[in-house]
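# Report on the structure
Here are the chains, one letter per residue:
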Amino acid sequence: MKKLSLVFVLLLLGSAALWAQKNITGKVTDSNGEALIGASILVKGTVKGTITDIEGSFSLAIPEGSNVLQISYTGFKAQEVTLGTETTLTIIMETDAIGLDETVVVAYGTQSNRFRVQSIGTVTAENIKNVPLLGPQQLLQGQVAGVQMTNMSGVLGSAAAIRVRGPSSINAGGNPLFVIDGVPLNDRDYSAAQGAGAGLNPLNDINPNDIASMTVLKDAGATAIYGSRGANGVILITTKKGKAGTNTVNFDYFTGTSEPTFVLEMMNAQQYRDYRKAYANVTVPGEGGFDWPSAVRQTGRINNYTLNLSGGNDKTQYYLSGSFLNQSNYAIGNDLDRMNGRLNFNHTFSDKFRFGANIGISRIVNDRIGSDNNTFAPLTSAFLQLPTVQPYDAAGNYVNTGFITNVLALEALGTNQLVTNRTYANTYFKLDVLPGLFVQSDWGIDLVDIQETTRQANVNTPGGLASNRLSDDNKWLTTNTLNLERQFGDLALGAVAGFSFETALYDFTYVEGRNFSSDALRNVSSAATPTSTQNNRSQWALNSQFVRTNFRYKDRYIVEGSVRRDGSSRFGSENRYGTFWAVSGGWVVSEEQFMKGLGFLNQLKLTASYGLNGNDRIGDFPSLGLFGSGVLSDYSGGAGLRPTQIANPDLKWETTTQLDLGISIAILNNRVSLDVNYYNKKTSDLLLDIPLPLLNGFASITRNAGEMENRGVDINLNTVNIKTKKFEWKTNFNIGFLENEVLSLPDASKDLEGRQFVGGTLQRAIVGHSINTFFMVPYKGINPDNGNAEWIARDGSIINTVNPNERQIVGDAIPDFTGGFSNTFNYNGFDFNVFFNFTYGNSIYLGDLTFTENPIGGFNYARRVADYWTESNRDAAFPAATSATRNVFSQASTLHLLDGSFIRLRNISLGYTLKGSQLKTEAFQNVRLYVMGQNLWTLRAKGWEGRGQDPEIADAGNANLRQGQSFFTPPQAKMITGGLNITF
Amino acid sequence: MKIFAKYMSLIALFFAFSACDSELAIEPEQSLSPDVTFSNEAGAQAALFGAYSATQDLDVFGGLSFVINEYMADNVRFVGSFPTLQEINNFVTIASNTSVQAMWQDHYYAILSANAVIDNVPGVVDAGFTEAERKQFIAEAKFIRALTYFQMITLWGQPYQVNNGNTPGVPLVLKAGALVGEIVKPARNTVAEVYAQIEKDLSEALPDVANNFSAADQTRGRATKGAINALLSRVSLYKGDWAKTIQYADAILVGNNLYALASDYTFFDANTSEDIFAIQMTSTDNSRTGSGGLGGYYLPAARGGRGDAPMSASILAAYGTGDKRLSSLSITGTDATTVSSTFTNKFKDGTTNADNAPILRVTEILLNKAEALVKSTNTVNADAITLVNRLRTRAGLTPFDAAQFADANALLTAILNERRLELAFEGHRRMDLLRNGLPLRTSGATGPISKPGDPKVILPIPTREIDLGAALPQNTGY
């Protein structure tokens, strides 16, 4: 292990250096002179530091060559104090309303907001302390300008599509890179797709209460140091650490109920019979009916318990937490139990040596349901199932209901469970080598272990079916950095240089069997017919070197540069290495002499950055020509091989260059702060699946071809509207405008208008337009004179068929803007928070309408289908029973394309905090009681009522080329919770 | 700046240790490169099996083409819920129909897999791989290619009888170019050209394939002389070459003890001497790749099927009473719309779709010959009656008597009716009507638009192909 030996070399070097020291003592107080207990004091550029005691006092030995102390305390502006000759200090901390001097987490380090030239968005524990959270991704929704987060569906555990400044690729992965405490997370799609896009939430395993901060790295200046994985943005998650001096115990419990936000209105048995008789002259056999949509719904329940202990002394600090979440969804058969444990500790071993570890473990037991395009999905099948079909026979036993399975039997008799066990941990060692220079070595793991078990009873799948799916993804990595921070007169120099090696081995096993003698036999080995035996392994590795340097002159002029060189096993030997870089500059105008007279202005900063990133998410072996084996290639007992991938030896990195221009203003005693950033992000050498005519035997070949651009503006405005001793009102408003344009697709095919495109028949990336452009025949309406449905041809004429040659560009799935608006009020122990998020200007294709609104379909109908044309109902929504257009009415057209804009009351909460001191008790420090509602109100665009459910959907998850499409996608939950939080 | 030098040397030292290139050379563990695949006989044989395997797909011979050929005609009352399949049933198919596109793609994938064998076997460097074995592998691949093209030309092209084959067929792709990055966009060949290629492939393959194998599932499941003769008999019949139809049929029926007419109807999925070529299926083949199969489409829900394809009133009437082909090969159950119906029981596995797909069997060859005899002689041919009576007797019906038939046409009608009742649900009905100039349906709104030459009796070229600039003129009417 070369790397290990290096660490030892550095250790030796470090201990060889001996420096003279001087001792400093001091006290840290707030502006009223009250002692601040547990404030952190760090000798800048070293690991050496301490914590104030119960009197706010500290004492610290300062190594020679160091002359700056950094003092920080939550809720106060961080300070730097340059030491003179004095040995006793009094440090007065100022409250920090908007975080101007907050230290924020960036890639491989931290920076002060004041001098930061990277474009990032942050969410800290402070922002979220009064919001009970079910998952970390909630922290991103409407919180950070330029980050669009769309929940895939309302199914518990489902993933979200997250886009940082738009989609920067077409066929490579679109999610940002998640890094928790320095460990980039494994994020394959581990779970079996059950109708919707594969994928569970990669952040599911994290207890949101453990999160101290989340940083979204947006511009190249911030992400280039993540090189080949930075193009989609990077999200850094830092977990909470213990603070010295105070030992606290915090317990939180909340409980609540959930309902779907919207439900489709389908016909009941009588309506169905009447309609079939009237429209198709079919007498539906049988009597009575069954209300399937109601039968698959229930009131969801949620209970969440969190206990954490934190504290320590000036040598050792700890944070220990445990939580248990027990949740049932509004749909039958969908439950989630999550247990989390975390231990974070830091220990100062000597003046020069510190180490620590962050260890998180979790277990999730998820009773899954299928969703979307799946006849075994309760929230799909209940709407499709004929209302005249009964789930039980006369004796009360479940019956087989055919192609649309009996979902009640499925949930009562079957198993569909996913168990995740996950451990992510990082240990670090920090050693002072020279004044202002320390070396840090990090060793991390992310072990994902997923077991999926299904069992379908005889009544659903004759003979019965069982399967078991095991996925293991074991990653380890090491990151070793040199960190420099020194002041040379007016020049402040910061640098981080390092290398890392990261590798993950994915192991997948799947067994399936059918034909059981009894439903009571639950496992695959009891099956008479084994139908699948699979075991696959796949490994990748990444070897990287990186540097970032930052120069600041007179606190006014800042220049930062970063470079990373990545070598990846995913690319062919000719293109294995890629180099990525960025430069940024900043000018703190308000520090100039000529600005000093402007008293109201606290800060004015201009920033610019330019750089490039890559994207390596194209599978593990994209460049090789392959013949696949196994049961899909065998024939009549003989092993087979068949072509599975076309060779692309020249495949290389996709690169995204990004320009970012920013202005940052703080005025009126820091009560108002505004950040505005313009960006232009251009991806070239797109990793593109060039579609092939199918007669070549393959649907596509991956090539580097084409360019795409995302342009936009991110605005973030924080204000403290009112601040008195008893009352405070704070507002955050953020909004991100985005325009996506495909610039070129050289090898792609041309449509009838000569535009090049890739993608499907309904949604495609078209040159000169968005990557998610909807391409359909426009629907006009029902002709009141004759009851024919009418569509519009490209030449504007009226047609009575949905001719694919008449498709036009009719919208796109990318919103013009998204954002959030939150208001927080605090009065005399009460806190009140109202948070809206909004999306505007996107289209959504509801594929379910081609079923529910097919006037001659074989399934149940939406209630409004009864509004068909007759002589006496000429203003109708559906064609006449005699019209030939009824046969083609359900073919995809803009009839099924809706405006996806919405504004949603994402969260509203009211809490009351009682301090122990108010009751003159020391039994507890404080108690907070709260009630909260989520998604209680949503305003959708016109055309959804009675037709669609929730506009917040992404049925294919992260697929870049398929956004804004739904097929009975389960809606978000409307949730009301109440809770209690006690700090001891 | 002594200290600066110290910093710099430390940084230089730091990076000197970071190279780790060998750890980036990682190979896949579940797949082979084309070079390794075709590096010896075992690999070449595996690639040949891979080509057979590609034909198992739902969209090729796994069931969907059978079902479509039956319900577009008059044997099946299709109540399936899939809009793309209902479009085909209602003769309102549009060119972007995704089921049609999947069928097109999967047929060409099977052709690519066969082409890969034909292209690469000659270059395999393996001393133990004999010339005879090489020829046999190539011949088997040519059979797979011919069989697949033959199904394509019946689905996407008008019958040969329309304008004597001088109508648009499908593009002939005869090289596995995609595997070496050679992407092609060929034009459509005519129906006659595709027939000619099929006959060429089969004629070239005939001398090189085996007569039989030691195991029954290989004798009935791989290309043999019997399989090629049988397919040539059908191709000739569809083309209207009666002499060749009879010649190739006799290669099976006369003096060939590998094949014999079964005495009852228990031969499905059994690899008996009734089978000449049946695509071998197991519970791990088509069930994993397709959203259905033969049993999946034809059986009712209680048997694991979808209940999409019950028997039509027309075929139930055609069977009449006492016909064992109905009584021993049908069951009742509820269809997808919950109506009690009669279903074929030829395919028994609705859950894993493990029934072999019967492609060529003795009964068909016997019917081919009978039909060709009547057509070539234009008489009430006694030999033809004798042949058909073997089937009548097996079905428990009274044999025909020559006196029953006023003329050759009356006998031909009777033979076609027997053909319908014998081969029902095996994908023959649509072409048996069209090539004889008959409409697919004689009643209902779609009857008048179901004649040979009508646009929607054949499938459209997928829109995607035309979008992608392949020089493929669309079928008329799409």
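Just so it is clear, the structure is predicted and the values come from calculations on it, not from any experiment.

Now for the overall build of chain B. A tally of helices and strands in chain B yields 20 helices and five strands. A total of 478 residues make up chain B; the buried ones form 58% of that total. Within chain B, residue pairs in contact and separated by at least 24 positions form 70% of the contacts whose partners lie at least 6 positions apart.

This brings us to the overall build of chain A. Assigned secondary structure in chain A consists of eight helices and 53 strands. Taking 984 residues into account, the globule formula puts the C-alpha radius of gyration at 30 Å, and chain A, at 30 Å, falls close to it. For chain A, the spread of C-alpha atoms along the three principal axes comes to 100 × 70 × 65 Å. Counting across all 984 residues of chain A, residues that qualify as buried make up 53%. Across chain A, the fraction of contacts at a sequence separation of at least 24, relative to all contacts at a separation of at least 6, is 69%.

Time to look at the environment of Arg114 of chain A. All names here are of chain A. Here Arg114 lies in the loop between strand S9 (109-112) and strand S10 (120-124). Assessed through the 21 C-beta atoms surrounding it within 10 Å, Arg114 is described here as buried. In sequence terms Arg114 and Ser673 are 559 residues apart; their C-alpha atoms lie 12 Å from each other.

The next thing to look at is the nonpolar core. Residues and elements named next belong to chain B. By size, the foremost hydrophobic cluster in this structure holds 279 residues, and its most contacted members are Ala47, Ala51, Val117, Phe143, Ile228 and Leu231. The element contributing the most residues to this core is helix H7 (residues 131-156), with 14 residues. Contacts of Ile228, omitting those with residues within four sequence positions, involve Phe143, Leu202, Ala205, Leu206, Val209 and Ala223.

To continue, consider helix H11 (residues 242-253) of chain B. Residue and element names in this part refer to chain B. Its 12 residues place the ends of H11 16 Å apart at the C-alpha level, agreeing with the 16 Å of an ideal helix rising 1.5 Å per residue. Each element contacted by the buried residues of H11 is listed here: helix H10 (225-239), strand S2 (275-279) and helix H16 (362-377). Phi turns positive, to about 65°, at Gly255, one or two residues after H11.

As a further point, take the sheet that holds strand S42 (residues 779-782) of chain A. Strand pairing in a sheet relies on backbone hydrogen bonds. The paired strands run either parallel or antiparallel. All names here are of chain A. What the three strands build is an open sheet, ordered S42-S43-S44; its pairing is antiparallel. Only two strands of the sheet have a single partner each, and these edge strands are S42 and strand S44 (798-799). In this structure, S42 lies alongside strand S43 (residues 789-792), joined through three bridges in antiparallel fashion. Its bridge partner lying in S43, Ile782 is registered against Ala789.

Residues and elements named next belong to chain A. Alignment of strand S8 (residues 103-106) against S9, held across four bridges, turns out to be antiparallel. Bridge pairing in S9 places Val104 opposite Gln111. Here S8 folds back onto S9, and the loop between the two strands holds two residues, one of which, Tyr108, carries a positive phi near 50°.

Residue and element names in this part refer to chain A. Looking at the secondary structure, you find Gly578 in strand S28 (residues 577-588). Taking C-alpha positions, Gly578 is 23 Å from Tyr679, a pair spaced 101 residues apart along the chain. Those residues within four positions of Gly578 in sequence are excluded, and the remaining contacts are Gly227, Ser228, Asp566, Gly614 and Trp653.

Turning our eyes to something else, we now look at the sheet that holds strand S52 (residues 965-966) of chain A. All names here are of chain A. Strand order in the open sheet formed by three strands is S49-S48-S52, and the pairing between neighbours is mixed. In this open sheet, the two edge strands, each paired with only one partner strand, are strand S49 (897-899) and S52. Note: strand S48 (residues 843-846) against S52, two bridges, orientation parallel. Along S52, the bridge assignment pairs Tyr845 with Gln965.

As a further point, take the interface of chain A and chain B. Interfaces are often sized by the amount of accessible area the parts lose when they come together. Taken together, the 82 residues of chain A in the interface contact 85 residues of chain B. Elements represented by at least two residues in the side of chain A that touches chain B include exactly helix H1 (2-16), strand S25 (491-514), strand S26 (529-553), strand S27 (557-568), strand S30 (626-628), strand S31 (642-645) and strand S38 (749-750) of chain A. Taken together, the residues of the side of chain A that touches chain B break down into 39 nonpolar, 34 polar and nine charged. In the sheet, S30 of chain A pairs with strand S1 (residues 31-32) of chain B via two bridges, with the strands oriented antiparallel. Within S1 of chain B, the position partnered with Phe627 of chain A by the bridge is Leu32 of chain B.

Another point: the packing of helix H3 (residues 41-55) of chain B against helix H6 (residues 98-120) of chain B. All names here are of chain B. Running from amino to carboxyl end, H3 crosses H6 at an angle of 165°, the nearest separation of the two axes being 8 Å. With respect to H6, the axis of H3 lies roughly antiparallel. H6 is crossed by H3, and the crossing has left-handed handedness. Residues Ala44, Ala47, Leu48, Gly50, Ala51, Ala54 and Thr55 of H3 form the contact with H6, whose own contacting residues are Tyr109, Ala110, Ser113, Ala114, Ala116 and Val117.

Residue and element names in this part refer to chain A. Of the strand pairs in this sheet, strand S18 (residues 300-312) and strand S19 (residues 316-328) are connected by 12 bridges, and their pairing is antiparallel. Of the residues in S19, the one forming a bridge with Thr306 is Ser323. In this antiparallel pair of consecutive strands, S18 and S19, the connection spans three residues. What sits between the antiparallel neighbours S19 and strand S20 (residues 335-348) is a turn of six residues, in which Gly333 has the positive phi angle 85°.

All names here are of chain B. Relative to each other, helix H8 (residues 191-205) and H10 sit at 155°, their axes nearing to 10 Å. Here H8 is positioned roughly antiparallel relative to H10, judged by the angle of their axes. In this structure, H8 meets H10 at a crossing whose hand is left-handed. Residues Tyr195, Ile198, Glu199, Leu202 and Ala205 of H8 pack against Ile228, Leu231, Leu232, Val235 and Lys239 of H10. Along the lines of polarity and charge, the residues of the contact of H8 with H10 split into eight nonpolar, no polar and two charged.

Residues and elements named next belong to chain B. The end-to-end C-alpha distance of H10, which contains 15 residues, comes to 21 Å, matching closely the 21 Å that a straight helix rising 1.5 Å per residue would cover. Counting buried positions along H10 gives 15 out of 15 residues, so the element sits mostly inside the fold. At the exit of H10 stands Gly240, carrying a positive phi of roughly 100°.

Summing up the model confidence of chain B, the mean pLDDT is 92 and the portion of residues at 70 or higher is 94%. The ipTM value of the predicted complex is 0.90, and its pTM value is 0.84.

Quick look at unusual backbone geometry now. Of note, Lys920 of chain A is a non-glycine position whose phi angle comes to about 50°, a positive value. Among the structural elements, Lys920 of chain A can be located in the loop between strand S50 (902-915) and strand S51 (926-940). Despite not being glycine, Phe91 of chain B has its phi angle at roughly 60°, a positive value. On the secondary structure map, Phe91 of chain B appears in the loop between helix H5 (83-89) and H6. Taking the number of C-beta atoms within 10 Å as the measure of exposure, Phe91 of chain B has 20 and is therefore buried.

Here the focus is the confidence of the model for chain A. Mean pLDDT over chain A works out to 88, with 96% of the residues at or above the 70 mark. Between residues 1-19 of chain A, whose pLDDT stays under 50, and residues either more than four places distant or in other chains, the model counts 26 contacts.

This paragraph deals with the environment of Asp446 of chain A. Residue and element names in this part refer to chain A. Mapped onto the secondary structure, Asp446 falls in strand S23 (residues 437-456). Along the backbone, Asp446 and Ala497 are 51 residues apart, and their C-alpha atoms lie at a distance of 24 Å. What Asp446 contacts, discounting residues up to four positions off in sequence, is Val183, Leu185, Asn186, Tyr424 and Lys475.

Procedures and definitions
Residues numbered from 1 in each chain as written. Chains lettered and ligands numbered in written order. Predicted model: local features only at pLDDT ≥ 70, side-chain atom pairs only at ≥ 80, totals over all residues. Helix = DSSP H or I, 4+ residues; strand = E, 2+ residues; numbered from the N terminus. Buried ≥ 20, exposed ≤ 12 C-beta atoms within 10 Å, placed from the backbone. Contact = placed C-beta atoms within 7 Å. Rg over C-alpha atoms; globule rule 2.2 N^0.38 Å. Core = buried A, V, L, I, M, F, W, Y, C linked by C-beta atoms within 7 Å. Expected span 1.5 Å × (residues − 1). Pairing = 2+ DSSP bridges. Nonpolar A, V, L, I, M, F, W, Y, C, P; charged D, E, K, R; others polar. Axes fitted to C-alpha atoms, helices over the stretch in contact; angles between N-to-C directions. Parallel < 35°, antiparallel > 145°, perpendicular 65-115°, else oblique. Left-handed = near helix turned anticlockwise from the far one by under 90°. pLDDT = per-residue confidence, 0-100.

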